[in-house]
Amino acid sequence: MATPIPSPNTAPALLAAPEDQQELFTTLLDGSNQAILIHDRLEPLYANPRFARLLGFETPEDVIAAGWLDELIPIQRLVRAFVVWSRVLESGQPVTLTEVKGFNRQGAEIFVDIHTRPIQWQGRTVIFSSLYDVTARSHAKRDLERAYLRYRQLAESAHDVFWDMTADGRLTNVEGGDDLGHAFSLCLGDPWLDHVPVDARDENAITALKTAFHTGRAFRTQTIPFDLGPLGRRLIEINGVPVFDEANTLIGFRGTFRDETGAEQARREGELQRNLAALGRVSGGVAHEINNLLQPILTFSRLAADRATTERDREAMQTILASARQARDIVKTVLEFARPRNASGRASGLATVPDPLAVIDREVRILATFAPEVQVSVSHTPGDHRAIIGTAAELGQIIANLVKNAFEAMEDRGRVILTTASSPDGKALALTCADSGPGMSETVRARIFEPFFTTKEFGKGTGLGLSIIYGIVRRWGGTIRCESMPGTGTRFMLILPYAET
Ligand code: ADP
Ligand code: MG
(Lines give C-alpha, C1' and ligand atoms only; values in the text may rest on other atoms or scores of the structure.)
(Ligands and ions follow the chains in the order given, each with its own letter.)
Protein backbone atom coordinates (compact mmCIF):
# COMPACT_ATOMS: atom_id res chain seq x y z
CA MET A 1 0.00 0.00 0.00
CA ALA A 2 1.27 3.38 -0.92
CA THR A 3 1.90 5.83 1.87
CA PRO A 4 -0.72 8.62 1.75
CA ILE A 5 0.72 11.85 0.43
CA PRO A 6 0.57 14.34 3.29
CA SER A 7 -1.16 17.63 2.76
CA PRO A 8 1.37 20.48 2.80
CA ASN A 9 -0.27 22.01 5.88
CA THR A 10 0.49 19.08 8.11
CA ALA A 11 3.19 19.93 10.65
CA PRO A 12 6.51 18.14 9.90
CA ALA A 13 6.60 16.75 13.40
CA LEU A 14 3.52 14.69 12.63
CA LEU A 15 5.22 13.18 9.63
CA ALA A 16 8.27 12.15 11.56
CA ALA A 17 8.45 8.73 13.06
CA PRO A 18 7.82 8.92 16.83
CA GLU A 19 11.48 8.19 17.60
CA ASP A 20 12.52 11.18 15.42
CA GLN A 21 10.02 13.62 16.87
CA GLN A 22 12.14 14.43 19.90
CA GLU A 23 15.05 15.54 17.74
CA LEU A 24 12.81 17.56 15.47
CA PHE A 25 11.24 19.38 18.39
CA THR A 26 14.60 20.13 19.95
CA THR A 27 15.89 21.47 16.64
CA LEU A 28 12.84 23.69 16.21
CA LEU A 29 12.81 25.06 19.73
CA ASP A 30 16.56 25.42 20.10
CA GLY A 31 16.88 27.11 16.73
CA SER A 32 13.95 29.48 17.21
CA ASN A 33 14.75 33.16 17.27
CA GLN A 34 11.97 33.60 19.77
CA ALA A 35 12.80 33.07 23.41
CA ILE A 36 10.75 30.11 24.58
CA LEU A 37 9.99 29.02 28.10
CA ILE A 38 7.76 26.20 29.25
CA HIS A 39 6.86 26.53 32.89
CA ASP A 40 4.37 25.48 35.50
CA ARG A 41 3.67 28.83 37.01
CA LEU A 42 6.89 29.58 38.93
CA GLU A 43 8.78 26.43 38.01
CA PRO A 44 10.77 26.49 34.75
CA LEU A 45 10.54 23.20 32.83
CA TYR A 46 12.23 24.08 29.56
CA ALA A 47 14.03 27.11 28.18
CA ASN A 48 15.59 27.49 24.74
CA PRO A 49 19.05 29.07 24.19
CA ARG A 50 17.48 32.29 23.02
CA PHE A 51 15.57 32.62 26.27
CA ALA A 52 18.73 31.97 28.27
CA ARG A 53 20.58 34.66 26.33
CA LEU A 54 17.73 37.14 26.65
CA LEU A 55 17.82 36.84 30.43
CA GLY A 56 21.59 36.90 30.61
CA PHE A 57 22.26 33.20 31.30
CA GLU A 58 25.00 31.21 29.62
CA THR A 59 22.91 28.14 28.77
CA PRO A 60 19.30 26.90 29.12
CA GLU A 61 20.52 24.54 31.80
CA ASP A 62 21.49 27.54 33.91
CA VAL A 63 17.92 28.80 33.67
CA ILE A 64 16.52 25.47 34.86
CA ALA A 65 19.18 25.26 37.55
CA ALA A 66 18.20 28.74 38.80
CA GLY A 67 15.01 26.96 39.72
CA TRP A 68 12.41 29.56 40.34
CA LEU A 69 11.09 32.26 38.10
CA ASP A 70 10.89 34.76 40.92
CA GLU A 71 14.65 34.95 40.51
CA LEU A 72 14.10 36.15 36.97
CA ILE A 73 11.11 38.39 37.24
CA PRO A 74 10.87 41.41 39.56
CA ILE A 75 8.34 40.83 42.28
CA GLN A 76 5.77 43.41 41.19
CA ARG A 77 5.79 41.90 37.71
CA LEU A 78 5.37 38.49 39.19
CA VAL A 79 2.05 39.36 40.76
CA ARG A 80 0.79 40.53 37.41
CA ALA A 81 2.29 37.51 35.69
CA PHE A 82 0.48 35.21 38.08
CA VAL A 83 -2.82 36.80 37.29
CA VAL A 84 -2.15 36.33 33.60
CA TRP A 85 -1.01 32.73 33.95
CA SER A 86 -4.04 31.86 36.03
CA ARG A 87 -6.25 33.32 33.38
CA VAL A 88 -4.45 31.37 30.67
CA LEU A 89 -4.76 28.13 32.59
CA GLU A 90 -8.39 28.65 33.55
CA SER A 91 -9.66 29.80 30.20
CA GLY A 92 -7.37 27.69 28.05
CA GLN A 93 -7.02 30.77 25.86
CA PRO A 94 -3.75 32.37 24.80
CA VAL A 95 -2.86 35.82 26.13
CA THR A 96 -0.49 38.32 24.61
CA LEU A 97 1.27 41.04 26.58
CA THR A 98 3.17 43.74 24.74
CA GLU A 99 6.22 45.72 25.79
CA VAL A 100 6.60 44.15 29.19
CA LYS A 101 9.51 45.75 30.96
CA GLY A 102 11.98 43.61 32.89
CA PHE A 103 15.65 43.23 33.76
CA ASN A 104 18.12 40.59 32.79
CA ARG A 105 20.58 38.91 35.13
CA GLN A 106 23.07 41.76 34.69
CA GLY A 107 20.46 44.35 35.57
CA ALA A 108 20.04 45.66 32.02
CA GLU A 109 16.57 46.78 31.08
CA ILE A 110 14.75 44.62 28.52
CA PHE A 111 11.39 44.93 26.83
CA VAL A 112 9.53 41.86 25.53
CA ASP A 113 6.25 41.01 23.86
CA ILE A 114 5.04 37.81 25.53
CA HIS A 115 2.69 35.30 23.98
CA THR A 116 1.38 32.81 26.49
CA ARG A 117 -0.74 29.69 25.92
CA PRO A 118 -1.57 26.53 27.87
CA ILE A 119 -0.16 23.23 26.59
CA GLN A 120 -0.16 19.64 27.74
CA TRP A 121 3.24 18.54 29.02
CA GLN A 122 3.96 15.21 30.69
CA GLY A 123 0.35 14.77 31.60
CA ARG A 124 -0.30 18.20 33.10
CA THR A 125 -1.36 21.60 31.81
CA VAL A 126 1.56 23.98 31.79
CA ILE A 127 2.36 27.30 30.17
CA PHE A 128 4.18 27.83 26.93
CA SER A 129 5.54 31.38 26.68
CA SER A 130 7.29 32.75 23.67
CA LEU A 131 9.05 36.05 24.20
CA TYR A 132 9.94 38.45 21.47
CA ASP A 133 12.74 40.89 22.28
CA VAL A 134 11.53 44.42 21.47
CA THR A 135 14.11 46.25 23.60
CA ALA A 136 15.64 48.10 20.65
CA ARG A 137 12.23 49.18 19.37
CA SER A 138 11.06 50.27 22.83
CA HIS A 139 14.23 52.23 23.40
CA ALA A 140 13.88 53.90 20.01
CA LYS A 141 10.30 54.77 20.86
CA ARG A 142 11.30 56.12 24.24
CA ASP A 143 14.12 58.16 22.70
CA LEU A 144 11.66 59.55 20.21
CA GLU A 145 9.24 60.44 22.99
CA ARG A 146 12.05 62.11 24.91
CA ALA A 147 13.20 64.00 21.83
CA TYR A 148 9.63 65.15 21.25
CA LEU A 149 9.26 66.20 24.88
CA ARG A 150 12.56 68.05 24.68
CA TYR A 151 11.41 69.85 21.56
CA ARG A 152 8.09 70.71 23.25
CA GLN A 153 9.84 72.08 26.32
CA LEU A 154 12.24 74.09 24.20
CA ALA A 155 9.36 75.42 22.15
CA GLU A 156 7.44 76.35 25.27
CA SER A 157 10.36 78.08 26.95
CA ALA A 158 11.60 79.94 23.85
CA HIS A 159 10.50 83.43 22.99
CA ASP A 160 10.34 82.30 19.39
CA VAL A 161 7.16 81.14 17.73
CA PHE A 162 7.37 77.86 15.83
CA TRP A 163 5.21 77.92 12.74
CA ASP A 164 4.08 75.77 9.81
CA MET A 165 2.80 77.11 6.51
CA THR A 166 1.35 75.60 3.38
CA ALA A 167 3.38 75.83 0.18
CA ASP A 168 1.35 78.92 -0.80
CA GLY A 169 2.25 80.68 2.45
CA ARG A 170 -0.79 80.18 4.71
CA LEU A 171 -0.16 79.69 8.42
CA THR A 172 -1.40 76.27 9.53
CA ASN A 173 0.17 75.93 12.96
CA VAL A 174 1.88 78.11 15.54
CA GLU A 175 3.40 77.01 18.83
CA GLY A 176 5.24 78.63 21.71
CA GLY A 177 6.23 82.24 22.07
CA ASP A 178 3.60 83.32 24.63
CA ASP A 179 1.96 86.59 23.58
CA LEU A 180 3.64 86.58 20.18
CA GLY A 181 2.43 83.02 19.58
CA HIS A 182 -1.07 84.00 20.63
CA ALA A 183 -1.05 87.02 18.30
CA PHE A 184 0.08 84.81 15.39
CA SER A 185 -2.51 82.16 16.23
CA LEU A 186 -5.14 84.78 15.37
CA CYS A 187 -3.66 84.81 11.84
CA LEU A 188 -4.06 81.05 11.27
CA GLY A 189 -5.33 80.25 7.81
CA ASP A 190 -4.33 83.62 6.39
CA PRO A 191 -1.56 84.18 3.84
CA TRP A 192 1.36 85.72 5.75
CA LEU A 193 1.49 88.70 3.40
CA ASP A 194 -2.00 89.78 4.59
CA HIS A 195 -0.49 90.83 7.91
CA VAL A 196 2.39 92.82 6.50
CA PRO A 197 1.38 96.49 6.64
CA VAL A 198 1.18 98.09 3.20
CA ASP A 199 2.68 101.39 4.39
CA ALA A 200 5.81 99.77 5.83
CA ARG A 201 6.79 97.23 3.22
CA ASP A 202 10.44 96.56 2.74
CA GLU A 203 10.18 95.36 -0.85
CA ASN A 204 13.62 93.73 -0.80
CA ALA A 205 12.82 91.54 2.17
CA ILE A 206 9.40 90.69 0.76
CA THR A 207 10.81 89.77 -2.63
CA ALA A 208 13.45 87.58 -0.95
CA LEU A 209 10.73 85.78 0.99
CA LYS A 210 8.43 85.40 -2.00
CA THR A 211 11.28 83.95 -4.04
CA ALA A 212 12.13 81.48 -1.27
CA PHE A 213 8.48 80.38 -1.20
CA HIS A 214 8.34 80.07 -4.96
CA THR A 215 11.50 78.07 -5.34
CA GLY A 216 11.09 76.02 -2.16
CA ARG A 217 14.32 77.23 -0.60
CA ALA A 218 15.28 77.92 3.01
CA PHE A 219 15.44 81.53 4.14
CA ARG A 220 17.33 83.12 7.01
CA THR A 221 16.77 86.18 9.18
CA GLN A 222 14.47 88.20 7.03
CA THR A 223 13.11 91.03 9.16
CA ILE A 224 9.65 92.24 8.27
CA PRO A 225 7.05 94.38 10.07
CA PHE A 226 3.77 92.62 10.87
CA ASP A 227 0.49 94.06 12.14
CA LEU A 228 -0.44 91.65 14.91
CA GLY A 229 -3.87 92.54 16.33
CA PRO A 230 -3.39 92.80 20.10
CA LEU A 231 0.36 93.48 19.87
CA GLY A 232 0.14 96.18 17.22
CA ARG A 233 2.99 96.58 14.79
CA ARG A 234 6.00 94.33 15.46
CA LEU A 235 9.24 93.79 13.66
CA ILE A 236 9.52 90.06 13.12
CA GLU A 237 12.57 88.08 12.15
CA ILE A 238 11.57 85.06 10.07
CA ASN A 239 13.58 81.90 9.52
CA GLY A 240 12.22 78.97 7.58
CA VAL A 241 12.97 75.73 5.79
CA PRO A 242 10.97 73.93 3.10
CA VAL A 243 9.16 70.71 4.01
CA PHE A 244 8.92 67.92 1.44
CA ASP A 245 6.83 64.74 1.40
CA GLU A 246 8.15 61.23 0.61
CA ALA A 247 7.83 61.89 -3.13
CA ASN A 248 10.01 64.98 -2.67
CA THR A 249 7.15 67.34 -3.43
CA LEU A 250 7.17 70.67 -1.59
CA ILE A 251 4.28 70.60 0.88
CA GLY A 252 5.03 73.66 2.95
CA PHE A 253 7.44 75.52 5.18
CA ARG A 254 8.37 75.40 8.81
CA GLY A 255 10.37 77.83 10.91
CA THR A 256 10.44 80.48 13.62
CA PHE A 257 9.19 84.01 14.22
CA ARG A 258 11.19 86.19 16.59
CA ASP A 259 10.17 89.60 17.88
CA GLU A 260 13.01 91.96 17.01
CA THR A 261 11.08 95.17 17.71
CA GLY A 262 13.10 96.09 20.80
CA ALA A 263 16.48 95.19 19.32
CA GLU A 264 15.75 97.07 16.11
CA GLN A 265 14.64 100.12 18.07
CA ALA A 266 17.82 100.07 20.17
CA ARG A 267 19.92 99.75 17.01
CA ARG A 268 18.14 102.71 15.41
CA GLU A 269 18.49 104.80 18.54
CA GLY A 270 22.22 104.14 18.68
CA GLU A 271 22.56 105.07 15.03
CA LEU A 272 20.53 108.21 15.54
CA GLN A 273 22.60 109.27 18.55
CA ARG A 274 25.81 108.84 16.57
CA ASN A 275 24.33 110.75 13.61
CA LEU A 276 23.16 113.52 15.89
CA ALA A 277 26.57 113.93 17.46
CA ALA A 278 28.40 113.96 14.12
CA LEU A 279 25.88 116.28 12.49
CA GLY A 280 25.93 118.56 15.49
CA ARG A 281 29.66 119.09 15.09
CA VAL A 282 29.51 119.72 11.35
CA SER A 283 26.38 121.85 11.20
CA GLY A 284 27.46 123.84 14.25
CA GLY A 285 30.62 124.90 12.49
CA VAL A 286 28.82 125.79 9.27
CA ALA A 287 26.05 127.67 11.05
CA HIS A 288 28.59 129.68 12.97
CA GLU A 289 30.31 130.80 9.75
CA ILE A 290 27.00 131.69 8.10
CA ASN A 291 25.91 133.57 11.19
CA ASN A 292 29.02 135.74 10.93
CA LEU A 293 28.33 136.39 7.25
CA LEU A 294 24.71 137.26 7.95
CA GLN A 295 25.50 140.05 10.39
CA PRO A 296 26.78 142.55 7.75
CA ILE A 297 23.99 141.56 5.33
CA LEU A 298 21.37 142.29 8.00
CA THR A 299 22.98 145.53 9.15
CA PHE A 300 23.67 147.01 5.71
CA SER A 301 20.45 145.92 4.01
CA ARG A 302 18.55 147.65 6.84
CA LEU A 303 20.68 150.75 6.33
CA ALA A 304 20.28 150.60 2.55
CA ALA A 305 16.52 150.21 2.89
CA ASP A 306 16.37 153.33 5.04
CA ARG A 307 18.45 155.30 2.56
CA ALA A 308 16.78 154.07 -0.60
CA THR A 309 15.60 156.93 -2.79
CA THR A 310 13.10 155.01 -4.90
CA GLU A 311 10.28 152.74 -3.84
CA ARG A 312 11.72 149.96 -6.04
CA ASP A 313 15.10 150.08 -4.29
CA ARG A 314 13.45 150.09 -0.86
CA GLU A 315 11.35 147.05 -1.74
CA ALA A 316 14.44 145.22 -3.02
CA MET A 317 16.36 146.01 0.16
CA GLN A 318 13.39 144.93 2.29
CA THR A 319 13.28 141.57 0.46
CA ILE A 320 16.98 141.04 1.14
CA LEU A 321 16.39 141.94 4.78
CA ALA A 322 13.45 139.51 5.12
CA SER A 323 15.43 136.65 3.59
CA ALA A 324 18.42 137.38 5.80
CA ARG A 325 16.19 137.37 8.89
CA GLN A 326 14.72 134.02 7.88
CA ALA A 327 18.22 132.69 7.33
CA ARG A 328 19.23 133.98 10.77
CA ASP A 329 16.29 132.13 12.37
CA ILE A 330 17.26 128.90 10.67
CA VAL A 331 20.87 129.36 11.68
CA LYS A 332 19.75 129.99 15.25
CA THR A 333 17.91 126.66 15.25
CA VAL A 334 20.92 124.88 13.84
CA LEU A 335 23.17 126.45 16.47
CA GLU A 336 20.71 125.42 19.14
CA PHE A 337 20.81 121.86 17.85
CA ALA A 338 24.59 121.88 17.65
CA ARG A 339 25.24 123.40 21.06
CA PRO A 340 27.79 121.25 22.86
CA ARG A 341 26.08 119.00 25.36
CA ASN A 342 27.25 117.44 28.52
CA ALA A 343 28.21 113.94 27.48
CA SER A 344 27.15 112.37 30.76
CA GLY A 345 23.60 111.99 29.45
CA ARG A 346 22.08 114.24 32.10
CA ALA A 347 22.03 118.01 32.28
CA SER A 348 25.22 119.55 33.62
CA GLY A 349 24.96 120.29 37.32
CA LEU A 350 21.59 118.50 37.32
CA ALA A 351 19.48 121.62 36.81
CA THR A 352 15.87 121.08 37.77
CA VAL A 353 12.52 122.49 36.79
CA PRO A 354 10.72 122.90 40.12
CA ASP A 355 7.26 123.29 38.61
CA PRO A 356 7.21 121.78 35.13
CA LEU A 357 3.41 121.86 34.91
CA ALA A 358 3.39 125.65 35.29
CA VAL A 359 5.95 125.90 32.48
CA ILE A 360 3.85 123.66 30.25
CA ASP A 361 0.65 125.60 31.00
CA ARG A 362 2.29 128.94 30.30
CA GLU A 363 3.85 127.75 27.05
CA VAL A 364 0.57 126.25 25.82
CA ARG A 365 -1.33 129.46 26.64
CA ILE A 366 1.03 131.47 24.45
CA LEU A 367 1.03 128.90 21.63
CA ALA A 368 -2.76 128.67 21.57
CA THR A 369 -2.97 132.30 20.47
CA PHE A 370 -1.09 131.42 17.25
CA ALA A 371 -3.86 129.10 16.04
CA PRO A 372 -7.18 130.27 17.39
CA GLU A 373 -9.06 127.60 15.45
CA VAL A 374 -7.24 124.77 17.16
CA GLN A 375 -8.70 123.50 20.40
CA VAL A 376 -5.75 123.08 22.74
CA SER A 377 -6.26 121.42 26.10
CA VAL A 378 -3.94 120.45 28.93
CA SER A 379 -4.83 118.07 31.72
CA HIS A 380 -2.81 116.99 34.72
CA THR A 381 -3.25 113.95 36.89
CA PRO A 382 -2.99 114.29 40.66
CA GLY A 383 0.42 113.20 41.90
CA ASP A 384 2.45 114.57 39.00
CA HIS A 385 3.31 117.90 40.66
CA ARG A 386 7.00 117.24 41.15
CA ALA A 387 10.29 118.75 40.00
CA ILE A 388 11.89 117.20 36.93
CA ILE A 389 15.46 117.24 35.65
CA GLY A 390 16.11 119.95 33.02
CA THR A 391 15.63 123.66 32.49
CA ALA A 392 12.44 125.65 32.03
CA ALA A 393 13.74 127.10 28.75
CA GLU A 394 14.34 123.65 27.28
CA LEU A 395 11.02 122.31 28.53
CA GLY A 396 9.35 125.31 26.88
CA GLN A 397 11.21 124.50 23.67
CA ILE A 398 9.97 120.90 23.77
CA ILE A 399 6.35 121.95 24.19
CA ALA A 400 6.66 124.64 21.51
CA ASN A 401 8.13 122.23 18.97
CA LEU A 402 5.54 119.53 19.60
CA VAL A 403 2.59 121.90 19.49
CA LYS A 404 3.89 123.79 16.44
CA ASN A 405 4.35 120.53 14.57
CA ALA A 406 0.77 119.60 15.44
CA PHE A 407 -0.53 122.98 14.24
CA GLU A 408 1.38 122.65 10.99
CA ALA A 409 0.22 119.08 10.41
CA MET A 410 -3.42 120.04 11.01
CA GLU A 411 -3.13 123.25 8.99
CA ASP A 412 -4.28 125.18 12.06
CA ARG A 413 -7.56 123.30 12.44
CA GLY A 414 -8.31 120.48 14.90
CA ARG A 415 -7.49 119.38 18.41
CA VAL A 416 -4.28 119.12 20.42
CA ILE A 417 -4.45 117.39 23.76
CA LEU A 418 -1.59 117.48 26.25
CA THR A 419 -1.64 115.32 29.35
CA THR A 420 0.71 114.76 32.23
CA ALA A 421 0.79 111.96 34.78
CA SER A 422 3.31 110.06 36.84
CA SER A 423 5.00 107.26 34.88
CA PRO A 424 3.90 103.73 35.90
CA ASP A 425 7.08 103.25 37.97
CA GLY A 426 6.53 106.63 39.68
CA LYS A 427 10.02 107.83 38.78
CA ALA A 428 9.19 110.27 36.00
CA LEU A 429 6.67 112.60 34.52
CA ALA A 430 4.83 111.06 31.57
CA LEU A 431 3.90 113.76 29.07
CA THR A 432 1.82 113.12 25.97
CA CYS A 433 0.93 115.40 23.13
CA ALA A 434 -1.75 114.08 20.79
CA ASP A 435 -3.27 115.75 17.76
CA SER A 436 -6.17 115.06 15.42
CA GLY A 437 -4.01 115.69 12.36
CA PRO A 438 -3.42 113.49 9.31
CA GLY A 439 -0.84 111.27 11.02
CA MET A 440 2.21 109.85 9.23
CA SER A 441 3.14 106.85 7.19
CA GLU A 442 5.45 104.33 8.83
CA THR A 443 8.28 105.42 6.54
CA VAL A 444 7.98 109.02 7.73
CA ARG A 445 7.50 108.03 11.37
CA ALA A 446 10.68 105.99 11.33
CA ARG A 447 12.72 109.07 10.36
CA ILE A 448 11.20 112.02 12.23
CA PHE A 449 13.98 112.25 14.82
CA GLU A 450 16.67 112.41 12.16
CA PRO A 451 18.25 115.85 11.95
CA PHE A 452 17.17 117.73 8.82
CA PHE A 453 14.43 115.26 8.03
CA THR A 454 11.36 117.24 7.00
CA THR A 455 8.33 116.67 4.80
CA LYS A 456 7.61 120.37 4.70
CA GLU A 457 8.32 122.55 1.71
CA PHE A 458 11.53 124.49 1.44
CA GLY A 459 11.63 127.43 3.81
CA LYS A 460 8.88 126.01 6.05
CA GLY A 461 10.71 123.30 7.90
CA THR A 462 14.29 122.75 8.98
CA GLY A 463 13.75 119.17 10.10
CA LEU A 464 15.50 120.02 13.36
CA GLY A 465 12.58 120.45 15.78
CA LEU A 466 12.23 116.84 16.79
CA SER A 467 15.98 116.12 16.74
CA ILE A 468 16.46 118.98 19.20
CA ILE A 469 13.72 117.58 21.45
CA TYR A 470 15.23 114.14 21.15
CA GLY A 471 18.66 115.44 22.18
CA ILE A 472 17.26 117.33 25.18
CA VAL A 473 15.14 114.45 26.45
CA ARG A 474 18.02 111.99 26.15
CA ARG A 475 20.29 114.36 28.02
CA TRP A 476 17.78 114.46 30.87
CA GLY A 477 17.80 110.65 30.98
CA GLY A 478 14.30 110.43 29.54
CA THR A 479 12.71 108.95 26.42
CA ILE A 480 10.47 110.09 23.60
CA ARG A 481 8.29 107.87 21.43
CA CYS A 482 5.83 108.56 18.66
CA GLU A 483 2.74 106.63 17.64
CA SER A 484 1.10 107.60 14.41
CA MET A 485 -0.82 106.15 11.52
CA PRO A 486 -2.24 107.84 8.47
CA GLY A 487 -5.72 109.08 9.34
CA THR A 488 -5.54 108.46 13.08
CA GLY A 489 -3.57 111.45 14.26
CA THR A 490 -0.25 111.53 16.05
CA ARG A 491 0.73 111.01 19.65
CA PHE A 492 4.11 111.81 21.20
CA MET A 493 4.90 110.20 24.53
CA LEU A 494 7.70 111.55 26.69
CA ILE A 495 9.14 110.22 29.91
CA LEU A 496 10.88 113.01 31.85
CA PRO A 497 12.69 111.81 35.02
CA TYR A 498 11.77 113.44 38.31
CA ALA A 499 14.63 115.30 40.00
CA GLU A 500 14.36 113.19 43.14
CA THR A 501 13.10 109.65 42.99
P1 ADP B 1 10.03 120.19 10.71
O2 ADP B 1 8.84 120.54 11.54
O3 ADP B 1 10.95 121.34 10.52
O4 ADP B 1 9.69 119.50 9.44
P5 ADP B 1 10.52 118.34 12.80
O6 ADP B 1 11.76 117.63 13.26
O7 ADP B 1 9.83 119.17 13.79
O8 ADP B 1 10.92 119.15 11.53
O9 ADP B 1 9.53 117.25 12.25
C10 ADP B 1 9.97 116.35 11.27
C11 ADP B 1 8.82 115.81 10.46
O12 ADP B 1 8.01 115.00 11.31
C13 ADP B 1 7.87 116.82 9.91
O14 ADP B 1 8.32 117.34 8.69
C15 ADP B 1 6.60 116.02 9.73
O16 ADP B 1 6.64 115.27 8.53
C17 ADP B 1 6.67 115.03 10.86
N18 ADP B 1 5.82 115.43 11.99
C19 ADP B 1 6.24 115.93 13.16
N20 ADP B 1 5.19 116.13 14.00
C21 ADP B 1 4.09 115.74 13.33
C22 ADP B 1 2.68 115.69 13.64
N23 ADP B 1 2.21 116.11 14.82
N24 ADP B 1 1.84 115.19 12.70
C25 ADP B 1 2.30 114.75 11.52
N26 ADP B 1 3.60 114.78 11.17
C27 ADP B 1 4.49 115.26 12.05
MG1 MG C 1 8.99 121.13 13.51
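The structure displayed is predicted, hence computed values, not measured ones.

Peer 1: Would you explain the sheet that holds strand 4 (residues 109–121) in this entry?
Peer 2: The strands that make up a sheet pair up through hydrogen bonds in the backbone, lying either parallel or antiparallel. One open sheet holds the 5 strands; their spatial order is 2-1-5-4-3, and the pairing between them is antiparallel. Of all strands in the sheet, those bounded by a partner on one side alone are strand 2 (43–47) and strand 3 (95–103). For this sheet, the mean inter-axis angle between neighbouring strands, taken without regard to orientation, is 35°. Relative to strand 4, strand 3 runs antiparallel, the two sharing 7 bridges.

Peer 1: What am I meant to see in the site of ligand 1 here?
Peer 2: For ligand 1, the set of nearby residues contains 18 residues, the closest of which are Asp 435, Thr 454, Thr 455, Lys 456 and Gly 463. Between ligand 1 and Asn 405 there is a distance of 2.8 Å, counted from an oxygen atom to a side-chain nitrogen or oxygen. In this structure, an oxygen atom belonging to ligand 1 sits 2.8 Å away from a main-chain N or O atom of Leu 466. Protein chains bury 94% of the 530 Å² of accessible surface belonging to ligand 1 in isolation. Among the secondary structure elements, those contributing two or more residues to the shell around ligand 1 are helix 12 (392–410), helix 14 (465–475) and strand 17 (490–497). Its residues placed into classes, the shell around ligand 1 shows 8 nonpolar, 8 polar and 2 charged.

Peer 1: Please explain the environment of Thr 310 as it appears in this structure.
Peer 2: Tracing the backbone through its elements, the reader meets Thr 310 in the loop between helix 9 (261–307) and helix 10 (311–338). Within the local environment of Thr 310, its side chain forms a polar contact with the backbone nitrogen of Asp 313, the two atoms lying 3.1 Å apart.

Peer 1: Explain the environment of Ile 399 to me, please; I cannot follow it from the model alone.
Peer 2: With respect to the helices and strands, Ile 399 occurs in helix 12. Judged by its relative accessible area of 0%, Ile 399 is buried. Counting along the chain gives 32 residues from Ile 399 to Leu 367, while the straight-line C-alpha distance between them is 9.1 Å. Excluding residues within four positions of it along the chain, Ile 399 makes contact with Ile 360, Glu 363, Val 364, Leu 367, Leu 418 and Leu 431.

Peer 1: Teacher, can you tell me more about the domain arrangement of the protein here?
Peer 2: Many structure descriptions define interface size as the accessible area lost when the parts assemble. Under the domain assignment, the protein is made up of domain 1 (30–138), domain 2 (158–259), domain 3 (265–338) and domain 4 (352–497). Taking only C-alpha atoms, the centre of domain 2 and the centre of domain 3 are 50 Å apart.

Peer 1: Quick question: what am I supposed to make of the sheet that holds strand 17 here?
Peer 2: The strand order across the open sheet built from 5 strands is 12-14-15-17-16, with neighbouring strands paired in mixed fashion. Edge positions in the open sheet fall to strand 12 (374–380) and strand 16 (479–484), since each of these has one partner strand only. Across the sheet, the mean angle separating the axes of adjacent strands is 10° when strand polarity is ignored. The sheet contact formed by strand 12 and strand 14 (residues 414–422) spans 7 bridges and is parallel. Looking at strand 14, one finds that Val 374 is bridged to Gly 414.

Peer 1: Explanation requested: a nonpolar patch on the surface in the structure shown.
Peer 2: Together, Val 282, Val 286 and Ile 290 make up a nonpolar patch on the protein surface, roughly 250 Å² of accessible area in all. Turning to its location among the elements, Val 282 is positioned in helix 9. Judged by its relative accessible area of 56%, Val 282 falls in the exposed class.

Peer 1: Which parts of the structure should I look at to understand the side chain of His 39?
Peer 2: Within the secondary structure, His 39 sits in strand 1 (residues 35–40). The class of His 39 is buried, set by a relative accessible area of 1%.

Peer 1: When you look at the pairing of strand 15 (residues 428–435) in this model, what are you seeing that I'm missing?
Peer 2: The side chains of a regular strand alternate, first on one face of the sheet and then on the other. Extensive coverage of strand 15 is indicated by the burial of 8 of its 8 residues. Here strand 15 shows two buried faces, one formed by Ala 428, Ala 430, Thr 432 and Ala 434 and the other by Leu 429, Leu 431, Cys 433 and Asp 435. One ladder, built from 7 bridges, connects strand 14 with strand 15; its direction is antiparallel. The residue bridging Leu 418 from the neighbouring strand is Cys 433, located in strand 15. What sits between the antiparallel neighbours strand 14 and strand 15 is a turn of 5 residues, in which Gly 426 has the positive phi angle 70°. As paired elements, strand 15 and strand 17 share 8 bridges and run antiparallel to each other. Looking at strand 17, one finds that Leu 429 is bridged to Leu 496.

Reading the values: rules and limits
Residues numbered from 1 in each chain as written. Chains lettered and ligands numbered in written order. Predicted model: local features only at pLDDT ≥ 70, side-chain atom pairs only at ≥ 80, totals over all residues. Heavy atoms only, no water. Pairing = 2+ DSSP bridges. Helix = DSSP H or I, 4+ residues; strand = E, 2+ residues; numbered from the N terminus. Axes fitted to C-alpha atoms, helices over the stretch in contact; angles between N-to-C directions. Near = heavy atom within 4 Å. Polar contact = N/O pair within 3.5 Å; in protein donor to acceptor, adjacent residues only side chain to side chain. Areas by Shrake-Rupley, 256 points an atom, 1.4 Å probe, with all protein chains shown as cover. Nonpolar A, V, L, I, M, F, W, Y, C, P; charged D, E, K, R; others polar. Buried < 20%, exposed > 50% of the residue type's maximum accessible area, 1.4 Å probe, protein only. Contact = heavy atoms within 4.5 Å. Domains from an automatic or database assignment. Patch = residues over 30% accessible without salt bridge, like charges linked within 9 Å, V, L, I, M, F, W, Y side chains within 5 Å. Salt bridge = Lys/Arg side-chain N within 4 Å of Asp/Glu carboxyl O.

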